[in-house]
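Here is how the chains run, residue by residue.
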Amino acid sequence: MTRTIASPAAVRQVRYLTWIVVLAVLITVSLVRVLTDQNRMTTPGTLRLALIAACPILLAGLGGLWAERAGIVNIGLEGQMLLGTWGAAFFAYHFGAWAGVAGAIAMGALGGLLHGLATVTFGVDHIISGVAINIIGLGAVGYLAQTFFDGYEGGGPRNLSGYAVPREVTIPGISSAARWVSEQRWFLISDVAGAIAGVTTRLSLLTILALLLVAFTAWVLWRTPFGLRLRSCGESPQAAETLGVNVYLYKYIAVVISGGFAGLGGAYLAMVASSSFTTGQTNGRGYIGLASMIFGNWNPTGVLASSLMFGYADGISLLSNNGPLVHAILLLLAVLLLGYAALKFRRGERMTAYVVAGIAVALFAWYLAVDSVPSDFTGMTPYILTLFVLAVAAQRLRMPAADGKPYRKGQAG
Amino acid sequence: MQVELRGIAKRFPGVIANHDVDLTIRAGAVHALIGENGAGKSTLMKILYGVQGADDGTIVVDGRERHFSSPTDAIEAGIGMVFQHFMLADNLTVLENIVLGAEKMHGIGEKARGRVREISAEFGFDIDPDVRVAELGVAARQRVEILKVLYRGARLIILDEPTAVLVPQEVEVLFANLRELVASGCSVLFISHKLDEVLQIADDITVMRRGTTVGTADPATATRQQLAELMVGAELPSPELSADTVTDTPVLSLRSISLVDDTGRTLLADLDLTIHRGEIVGIAGVEGNGQTELVEVIMGMRRATEGSIVLAEEDITRLSVRKVRERGVGFIPEDRHRHGVVLDFSLWENRILGHQTTAPAVRGPLLSPGGARRDAERIIDAYDVRTPSVHTTARALSGGNQQKFIVGREMSGDPILLLASHPTRGVDVGAQAAIWDHIRRARQEGLGVLLISADLDELIGLSDRLEVILRGHFTAQLDPREVTAQELGTAMTGGAA
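Residues numbered from 1 in each chain as written. Chains lettered and ligands numbered in written order. Predicted model: local features only at pLDDT ≥ 70, side-chain atom pairs only at ≥ 80, totals over all residues.

Q: Please explain the sheet that holds strand β10 (residues 212-217) of chain B as it appears in this structure.
A: Each strand in a sheet pairs with its neighbour through backbone hydrogen bonds, running either in the same direction (parallel) or in the opposite one (antiparallel). Residue and element names in this part refer to chain B. Taken in spatial order, the 6 strands line up as β6-β7-β8-β3-β9-β10 in an open sheet, and their pairing is mixed. Both edges of this open sheet fall to β6 (79-82) and β10, since each of them pairs with a single strand only. The sheet shows a mean angle of 20° between the axes of neighbouring strands, taken without regard to direction. Helix α6 (residues 138-151) contacts β6 and β7 (156-160) of the sheet and is inclined by roughly 170° relative to β6. Where helix α7 (residues 168-183) meets the sheet, its contacts fall on β3 (30-34), β7 and β8 (187-192), and the angle it forms with β8 comes to roughly 145°. (Pairing = 2+ DSSP bridges. Helix = DSSP H or I, 4+ residues; strand = E, 2+ residues; numbered from the N terminus. Axes fitted to C-alpha atoms, helices over the stretch in contact; angles between N-to-C directions. Contact = placed C-beta atoms within 7 Å.)

Quick look at the structure:
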């Protein structure tokens, strides 16, 4: 087992290393962009799409984080998100945009409550209950849409449009200045400017809310007594019980909040990513959210970083004529993986280094062999990336010690 | 703080765990509660700490009758408990573990950290609040548990078998800590079945047997013998060897065995060891110094990085576990639930495990349920395994009976070498005596035995020869006929023997 030593000096060193890695990745991206002349890689438009694609994944990932930190595996995120999409459409149609957001959260939380009832009270296996909730979510949303939306103006048995959505804001000055810089195609500076323009132009209030929730989650879980208790339920519920923590209650709270986050993710899909509702709108994003939580090592900032990555992959699959761009990204991936392999090699983990280097070489060979990647493949990109990333990073991840384990009261000691 | 328990009773489906329990703990005293495993001590403690509710009886704290429906109530009444299996979350820091559930007292930040430092210094605990618990050793974890209790201002501290995991030197430190606690006005309830320790530390003694309190004793006048008789109603068995049976024929030879793990840490360093027919070699060491790895290397569960292993003139260094077992190696694993039995398999199915290539468990390429059943019945008779039938699942048996069944299974098929890892851990006194008998008999029948144990009396009493293992090295060879537990403990922790 690998151990992390939490002395302040070590923490500082880790932070310092993180910044170096971030900088190195940025430079690589910029270099590849210039070399391949695929400027769309970091234009404000692409990055804005990436951010919009990332937010639902981020919200689902944070939802998963809340549940798993309390020891409950919530694979039902997908179903809870689906419930959220319907809640957003229904309540926004009748009562306005923010009522829609609240309705989505409530619908997701309802799904979470169901998961809590099954796993906490009845001790059902977490995976089985989660899969059941996904199936129930799909069926329920189909039924609800048909029952309610069919007669609405702008509605049909499987869709609804024309409801209010949260406002978009553009930060004046910064947005246009960054856009101008990004158009100059300068090395590195234009890429950073592209990112700045991406997050300051036509930014939905829901996006801001999603980003704030990252900080909120980190603060609640790590800085408040409530968070300590919640995390203790995921690490050692028996210990928590002997110290007077009502483990069942905290697990319920966690899984309901988890469902609420997933529901909000659903609202994002139905209000920001697109302005209309269709059944089955989540399209696997709940699962990707779960993957982003795992890859983010059960940490809010990690979830943010990994969902941005998945979001980027998801976002470029939406661009038109994206074959050459994905082709350029093959090169980017090959270079990044090679760098990772070198890092591993220096740490003495030879086997991992060879495997990763092998993958990098294969990607490079593929890059040289073709001019463009077929568009069927680009749709798969986020999922391929998930597999890659998990295969490479899995050994370094540490989940809460009692995650997914059944817990019954009165067994302590 | 004075605590009285009157007429406590607790029933589980099919079992009466406690009945008519009376116990009075004086203020400022160490009260020892002794009894065999299964006598109902742990259930009683869980009732006193509010983990489980009593069906009958009353708890009186300082003259007031109290009802505890959860540990919170007990904590609020000033009762704190240190469990035998520590109740700590490994991935949280010491501070987080301590303030959990008591956040209202001093928050979870700087003030709480200061308070933990203060208590730690007051009793000489030497604990850094910002270390992750996973990085601490057993003795330090125990001090964290006691800190946890003190932080909540407990006036009665319950310690459930606190010395089971400690070496003698650590026990001394613990006892010194307990005396300071008592001097500062706390009461201590000390649960144990180690009579010497009880006589050393206790001010009062209460004995439990079969779920009820059967008597009290005064440690100033009571003897080991009297306590033992109260506890089991009979003389305590002790591990001792009969006549010398050691021969010159080697059964197992380890030659310069080394093991290095993936991260480059040396787990075993250049070990040489020979076990002869009819000889029991004991390995003494604080847990985690390479004992587990040594057994795994011999069994073929891990591959030695260097060196060779010879079993009866055949090199088995690179053989698989199955092949090693087929060559005649019996294995009593240290954690029987992880390695010894499949808890949800019936006994006859468990009989097949590890013998899935040899009669009577198989016939040709197929399993032979009939043969396995008959042989499981033989084991149940010969090894006195108390079970309704061979169809009972292993989970339904007590730890002692599971262990007796494992011993019986491992002795089937005429082994020539027996690896016994903590063979009597967590079993009651009766089963312990029976297992000791079986190991002695194996020795008489000419098996070589490798005995690993944390029970120093067991090691000294059963072994013909003792090797001390420390950080993967054999650091000393001791003669069990001359060494005392105290000297052995010193050698185990690296002090001069």
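Q: Could you clarify how one ought to interpret the interface of chain A and chain B in this entry?
A: Interface extent is often summarised as the accessible area lost during association of the parts. On the side of chain B, 26 residues touch chain A, which itself brings 21 residues to the contact. For the side of chain A that touches chain B, the secondary structure elements donating two or more residues are α9 (225-235) and α10 (237-242) of chain A. Here the side of chain A that touches chain B is composed, by residue class, of 9 nonpolar, 8 polar and 4 charged. (Nonpolar A, V, L, I, M, F, W, Y, C, P; charged D, E, K, R; others polar.)

Q: When you look at the nonpolar core in this model, what are you seeing that I'm missing?
A: As a rule of thumb, nonpolar side chains are buried together in soluble globular proteins. If you look at the biggest cluster of nonpolar residues, it comprises 179 residues, and the most contacted ones within it are Leu59(A), Ala89(A), Tyr268(A), Ile157(B) and Ile158(B). Ignoring any residue separated from it by four or fewer positions in sequence, one finds Leu59(A) in contact with Ala210(A), Phe261(A), Ala262(A), Leu264(A), Gly265(A) and Tyr268(A). Within the second largest apolar cluster, 75 residues are counted, among which are Leu267(B), Leu311(B), Val341(B) and Ile379(B). (Core = buried A, V, L, I, M, F, W, Y, C linked by C-beta atoms within 7 Å. Buried ≥ 20, exposed ≤ 12 C-beta atoms within 10 Å, placed from the backbone.)

Q: Can you walk me through the domain arrangement of chain B in this structure?
A: Residue and element names in this part refer to chain B. Here the domain parsing of chain B yields domain 1 (3-232) and domain 2 (250-492). A separation of 33 Å is found between the C-alpha centroids of domain 1 and domain 2. For the side of domain 1 that touches domain 2, the per-class residue count stands at 3 nonpolar, 3 polar and 1 charged. (Domains from an automatic or database assignment.)

Q: Could you clarify how one ought to interpret the domain arrangement of chain A in this entry?
A: Split by domain assignment, chain A resolves into domain 1 (38-319) and domain 2 (322-399). Using only C-alpha atoms to locate each centre, domain 1 of chain A and domain 2 of chain A end up separated by 26 Å.

Q: Honestly, the packing of helix α2 (residues 44-69) of chain A against helix α12 (residues 285-295) of chain A in this entry has me stumped. Any pointers?
A: Angle between the axes and distance between the axes: these two values describe a pair of packed helices. Residues and elements named next belong to chain A. Following both chains from N to C, one finds α2 and α12 inclined at 60°, their axes separated by 7 Å at the closest point. The orientation of α2 with respect to α12, classified from their angle, is oblique. With respect to the hand of their crossing, α2 and α12 are arranged in right-handed fashion. Contact residues: α2 offers Pro56, Ile57, Ala60, Gly61, Gly63, Gly64, Leu65 and Glu68, while α12 offers Arg285, Gly286, Ile288, Gly289, Leu290, Ser292 and Met293. Looking at the contact of α2 with α12 residue by residue, the classes come out as 7 nonpolar, 6 polar and 2 charged. (Parallel < 35°, antiparallel > 145°, perpendicular 65-115°, else oblique. Left-handed = near helix turned anticlockwise from the far one by under 90°.)

Q: Would you mind showing me how to read the pairing of β7(B) here?
A: Within a regular beta strand, the side chains point alternately toward one face of the sheet and then the other, so they alternate between its two faces. Residue and element names in this part refer to chain B. In terms of residue burial, β7 counts as a mostly covered element, since 5 of its 5 residues are buried. Here β7 shows two buried faces, one formed by Leu156, Ile158 and Asp160 and the other by Ile157 and Leu159. As paired elements, β6 and β7 share 4 bridges and run parallel to each other. Bridge pairing links valine 82 to leucine 159 in β7. The sheet contact formed by β7 and β8 spans 5 bridges and is parallel.

Q: Would you explain the environment of Leu17(A) in this entry?
A: Tracing the sequence through the fold places Leu17(A) in helix α1 (residues 8-36). A sequence separation of 29 residues divides Leu17(A) from Thr46(A), and the C-alpha atoms of the two residues are 28 Å apart.

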